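Read off the chains here:
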Amino acid sequence: MCGIVGYVGPKVDGRALEVVMEGLARLEYRGYDSAGVALIAGDHVLTTKRAGKLANLIGALAQEPPPESSTGIGHTRWATHGGPTDENAHPHAGGEDGKLALIHNGIIENFHGLRSGLIGEGVQFLSETDTEVVAQLLARSYDKVGDLTEAMRQVVADLTGAFTLLAVHADQPGVVVGARRNSPLVVGLGDGETFLGSDVAAFIGYTREALELGQDQIVTITTQGASIINFDGTPAEGKRYHVDWDAAAAEKGGFPNFMAKEIHDQPHAVADTLLGRTDGSGRLVLDELRMDEAELRAVDKIVIIACGTAAYAGMVAKYAIEHWTRIPCEVELAHEFRYRDPVVNERTLVVAISQSGETMDTLMAVKHARKLGARVIAICNTHGSTIPRESDAVLYTHAGPEIAVASTKAFLAQITACYILGLYLAQLRGGTYADEAQAVMKDLYEMPAKIQTVLDDLDRVREIARFMADTRSVLFLGRHVGYPVALEGALKLKELAYIHAEGFAAGELKHGPIALIEAGQPVFVIVPSPSSEHGLHGKVVSNIQEIRARGARTIVIAEEGDEDVVPFADVVIRVPATPPLLAPLVTTVPLQVFACELAAAKGLDVDQPRNLAKSVTVE
Ligand code: M6R
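Calculation criteria
Residues numbered from 1 in each chain as written. Predicted model: local features only at pLDDT ≥ 70, side-chain atom pairs only at ≥ 80, totals over all residues. Heavy atoms only, no water. Helix = DSSP H or I, 4+ residues; strand = E, 2+ residues; numbered from the N terminus. Rg over C-alpha atoms; globule rule 2.2 N^0.38 Å. Buried < 20%, exposed > 50% of the residue type's maximum accessible area, 1.4 Å probe, protein only. Contact = heavy atoms within 4.5 Å. Areas by Shrake-Rupley, 256 points an atom, 1.4 Å probe, with all protein chains shown as cover. Lys, Arg positive; Asp, Glu negative; His and termini not counted. Charge placed at Lys NZ, Arg CZ, Asp CG, Glu CD. Pairing = 2+ DSSP bridges. Axes fitted to C-alpha atoms, helices over the stretch in contact; angles between N-to-C directions. Expected span 1.5 Å × (residues − 1). Polar contact = N/O pair within 3.5 Å; in protein donor to acceptor, adjacent residues only side chain to side chain.

Draft legend 1. Region of the structure containing the overall build of the chain. What the chain contains, in helices and strands, is 19 helices and 25 strands. For 619 residues, the compact-globule estimate of 2.2 N^0.38 gives 25 Å, and the chain sits close to it at 25 Å. Reported as C-alpha extents along the three principal axes, the dimensions of the chain are approximately 75 × 55 × 45 Å. Looking at the chain residue by residue over its 619 residues, the buried ones come to 61%. Sequence separation of at least 24 residues holds for 71% of the intrachain contacts in the chain that already meet a minimum separation of 6. With the model as given, the accessible surface of the chain reaches about 22,900 Å², and the carbon-plus-sulfur share is 49%. Distance between charge centroids for the chain: 3 Å, based on 55 positive and 80 negative side chains.

Draft legend 2. Local environment of the sheet that holds strand β20 (residues 393-396). Strand order across the open sheet formed by 5 strands is β17-β16-β18-β19-β20, with parallel pairing between neighbours. Each of the sheet's edge strands pairs with one partner strand only, and the pair in question is β17 (329-333) and β20. When strand polarity is set aside, the average angle formed by the axes of neighbouring strands in this sheet is 20°. Pairing geometry for strand β19 (residues 375-380) and β20, over 4 bridges, is parallel. Looking at β20, one finds that I379 is bridged to L395.

Draft legend 3. Spotlight on helix α18 (residues 536-549). Taking 1.5 Å of rise per residue, 14 residues should cover 20 Å, and α18 covers 20 Å from first to last C-alpha, within 8% of that figure. For α18, the elements touching its buried residues are β21 (473-478), β23 (522-526) and β24 (553-559). Taken from the residues just after α18, G551 is the one with a positive phi, measuring 100°.

Draft legend 4. Up close: the side chain of S127. Along the chain, the position of S127 falls in the loop between α3 (111-120) and α4 (130-145). Separated by 2.8 Å, the side chains of S127 and T129 make a polar contact. In terms of polar contacts, S127 uses its side chain to reach the side chain of E132, at 2.7 Å. If near-sequence neighbours (up to four positions away) are discounted, S127 is found in contact with E87, N88, H92, R115 and E132.

Draft legend 5. Summary view of the environment of A311. Structurally, A311 can be placed in helix α9 (residues 308-325). Separated by 94 residues in sequence, A311 and V405 place their C-alpha atoms 16 Å apart. Not counting the four nearest positions on each side in its chain, A311 is found in contact with A306, V331 and L333.

Below is the structure:
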């Protein structure tokens, strides 16, 4: 969702525009439909903003180049209140003297009332946004108190909702003030220059030293660094950290798009997530969790909450965690969990999965769970983000920055982290899998090489994707851990190629979905390993026969050496043999590549699909 950049640097350099524009380019992946910048120029603020992609803003700036400036803010907007127009784009001016500009991520829930009040006082609004209301309030407050930090403090007291706000005022050059509540904002600490960003990507080209802010805090940046206060005015400290990836990691590295690069990063993402989880004797050690072992032993129910792809990772985890620990495990979409009365208590372990750590639905569900007494472990890919901070403990995935809107390497890393957590719980609690945890870890250590094998042999998948560019509907079938993989395959195709796609539990086929099968209907089938228990493999082979008999075109993902599928498959895509529970780490990969290739073949923007944002920071 909206991307936010703020910058204060030395006067002599005057490079605010360059830094802010680079930050906006690095935040493009978050998804947006308009963009703008505001720079302090003498005794006023100069604002340029345009609907559409950054290229439109760059064009406008080229036509009327602003003077050099050392202080600026920039914004990429994902429309909520009001369509994606030049007027609704941020920054918004406050007051009539052209001295104050404000940008915003989030939603101000009480903006209607505030707006009516201001209209009653004669204020004329130029946009339909909630943001402009805040800009006007801030300008009024500034006129009274003469200090941007204090003015911001007074204004946020009247706001409800979730927000990150950044403001500049021409009377305070060399200052940017930010505020955050339930919405992301991090500080970058450079040498004589200071940055603000929705995430560290905004300033990773300049510094890897960052400061994590807490909730309900206001930060004021100058060339000297950052000072922080709480909304009640008391001083606060940020948590300093070093970003363990660099600008190169956030670039395409020779691939045509970020998604392709991230798909190929997956062996590393999984290997890095597994790194350092066992001691010399092979026992799992999760010091990072910092949770009382007795408390974990007492857990009698696990609830996984997440959205989108992360929720599918949770569905895979359920099969493994229940099998290894014998603790009942539920998986629920975070936004559904949040607005009902779930049965959780102090013996419930809630696992919140989020790549970004900023998904508002998941964040709200985390707060809900903690309020009900549950302990919450976050599985997250982004240091310094909000969800780990609001949880009792965190297990980081080490997938590196995920830039493409479609989640790929984060998915495999999330599944891996869930396996680690499940095995750790099994080890802690004793029982059958306590002893086997080490053996499963060994299997897991072999997975990066197996993922690489899949990546090395994808020409056939690419070929079918290009051949199917005009397809209007694709179905995906799977059973057991293959079911969430089917859902994920369908989600990838929907979001990237805008094709109708649905994933089904193969066992559900005859309960309705088989009616969709007609001649030529493409169906991907994720076949479980022939070594699966309870005759699962044979059941899915029967499902393939059933749809083939009704004219479906079957594209089958099956283990090397599984010859049973061959007579009923139009295409067979091979993956290496794995223990059945670990199979999603390989079977997902061809589906990711299929969606990516097909979208590219249709000429679509693979990294920034329409209407989507990388992290959904509003409910
Ligand atoms: O950052 P999160 O993992 O919390 O994001 C959750 C979903 O919004 C995300 O996985 C989304 O479904 C992706 N676009 C899927 O590719």
